[in-house]
Each structure stands twice: as structure tokens, then as C-alpha cells.
Amino acid sequence: MSQWLVLTIAMAVACGVVLSITVLKERRIGEDDDPSETPDVIEYLTMMVGVVYAIVLGLAIAGVWEARSAAEDTVRTEAQALHEVSARARAYPAPVRDRIRSDVEAYVTHVVHKEWPVMAEQGRLTRRGTDLLTKVRADVTDYHPSNDFEGQSYQPLVDQVAVADGARTARADAADSTLPGVVWFGLITGGAISVGVMFTLQIRRSGRELLMAGLFSALIAFLLFLVWDFDAPFSRGISAGADPFLDLFPHP
């Protein structure tokens, strides 16, 4: 099922529940009820609940957005480091250079076409990808430079392989959800409480009140969906893609 369809259904359900409760609650109110009698302390507490939840929800959105941005930076760093390895290998003899570039291409091809779907669906990297990067490292470190020119290129190549390996490890850490379950419990509970406190204000069935109640509940549903979507940087709707690899290696 499309994630945007899930969002639409969630927002519609949230609006429907709130409006249904409002209508049913209004039917049970007697004709002598005065909505202006809502105690000031209830209005104040309702406002404070909304403010506190807005702060918590804003921090959650900022956190998952930052995690997604960090995941994109990690992918760019890994791709750029591998590109540098492939480019700097030109200082080596043709057999060594060709072997390094061939193994880099094999690793990139595996990451783009094989590892990325596994990472998106299962939140982990593949053993094959680790083995291919290990082979690239062996290609670089096992070669003994035969002159000063090759020697000057050796250490930068080793450093770039280390950068790629570190970025791969960071990508593995970012492949799964970033928010723990207790945070999700707090966000969902807080959303339910924020919507629920509206009923302490004696909402009636006027068009304006029903519209605002529906929009507020739909907004809460949308923001929670946004947090959920950004929580897994590589697997959900607005996800970090393998574009940096494709840009630097056009035919992996």
C-alpha cells in the first residue's frame, strides 16, 4: 500500500473520530448548558498541553530530519572516497590500476543494485558488500610502490579506502529506525492527549468549530506521519537514494 495512501487514510480517520465524538457529545448536552462556563484553568491547561506537545513534536521532526541529512552526507562521502580511490590509482602500473578500478566498480555495482534493496527492506548491509570493500582495501594496501611517485600516492589511497569503510559503517548504523520505541509511545500518547483535551472546551457543532477540530486532528496525524517517514532514512517515502554513486560512477 502506498505510504501517501496510508497518510490520507490516517488523516481521514483522525478527522472522522474527532468529528464523530464531537457530534455525539453535543447531542448529550442539555439545552441549559452554557459553553461560556468553561473554567479558565481548563483553558490554560489545554493551551499548555498543546505547547508542550508542539515542542516535543518539533524536536522529534528536527531529530529525524537531521538523521536523514546525515545519512545523505554519509552516502556522498562513501561515493566520493571510492571515486578518489579509482582516480588516484592512475599513478600505479596498468595491471594494478585496472584491478583496483575493477574492484571498485564491482563494489559500487553491488551497493546500488543488490545492497540498497536489502538495506531498505531489512535495515542491514550485505556480507557480500563487506567482502568486496575488503578486496578493494587489499588491492591498495598489498601493493608495494616501486618509486617515489607511486609512494606519494600510496598513503592518500589508503586514507580514502579508510574513509569509504567508515562511511559504510555509518550507513549501516543509519539503515534502521533512529527513534526508540519509548519516544514513539510518547509521541502517539501525546497526540491522543492533545486531541482529547479539545473536548474539555465544550466544542459545539458549528461549522467553524468542527472545521478547526478536524484540521487540528489531521495536522497531528500528518506530523506523526512525517516523523515516521523520516525515521528510516533509506527505506520510506522521502528516502535517501544512491544518487551519489550513480553520479560518480555512471555505469555501475
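Up top is the structure.
Rules used throughout
Residues numbered from 1 in each chain as written. Predicted model: local features only at pLDDT ≥ 70, side-chain atom pairs only at ≥ 80, totals over all residues. Heavy atoms only, no water. Helix = DSSP H or I, 4+ residues; strand = E, 2+ residues; numbered from the N terminus. Buried < 20%, exposed > 50% of the residue type's maximum accessible area, 1.4 Å probe, protein only. Contact = heavy atoms within 4.5 Å. Core = buried A, V, L, I, M, F, W, Y, C linked by side-chain atoms within 4.5 Å. Expected span 1.5 Å × (residues − 1). Bend = angle between axes of the 7 residues up to and from the residue. Phe/Tyr/Trp six-rings, centres within 6.5 Å; stacked < 30°, edge-to-face > 60°.

Colleague: It is not clear to me how the side chain of D139 should be interpreted in this structure. Could you clarify?
Modeller: By the secondary structure assignment, D139 is in helix α4 (residues 127-141). Relative accessible area serves as the criterion here: at 8%, D139 is assigned to the buried category. Excluding anything up to four places from it in sequence, D139 contacts R99, I100 and D103.

Colleague: How should I be thinking about the nonpolar core in this particular structure?
Modeller: One recurring pattern in soluble globular proteins is that nonpolar side chains are buried together. Counting 35 residues, the largest nonpolar core has L82, F234 and F245 as the members making the most contacts within it. Looking at this core, the elements that each hand over two or more residues are α2 (40-88), α3 (94-122), α4 and α5 (148-174). Examining the composition of this core, we find that 9 residues originate from one element, α3, more than from any other. Residues L57, V64, L179 and L226 belong to the second largest nonpolar core, which totals 17 residues.

Colleague: Even after reading the chapter, I still don't get α3, so can you show me in this structure?
Modeller: Helical geometry: 3.6 residues make up each α-helical turn, so side chains three or four residues apart lie on a common side. With 29 residues, α3 should reach 42 Å at 1.5 Å per residue; the first-to-last C-alpha distance of 39 Å fits that figure. Largest kink in α3: about 45°, centred on E115, with the proline P117 one to four residues after it. G123 occupies a position one or two residues after α3 and carries a positive phi of about 70°.

Colleague: Looking at this structure, how should I read the packing of aromatic side chains?
Modeller: The geometry of an aromatic ring pair is captured by two quantities: the separation of the ring centres and the angle between the planes. Across all of its chains, the model carries 4 aromatic pairs by this definition. For the pair Y92 and Y143, a centre-to-centre distance of 4.6 Å together with 45° between the ring planes defines the contact as tilted. Here Y92, found in the loop between α2 and α3, pairs with Y143, found in the loop between α4 and α5; they are 51 residues apart in sequence, far enough to count as distant. In this pair, the class of Y92 matches that of Y143, namely buried. Ring geometry for F225 and W228: centres 5.7 Å apart, planes at 40°, overall tilted. Here the residue F225 and the residue W228 both occupy positions in helix α7 (residues 207-231), the gap between them amounting to 3 residues, near one helical turn.

None of this, on its own, says anything about what the molecule does.
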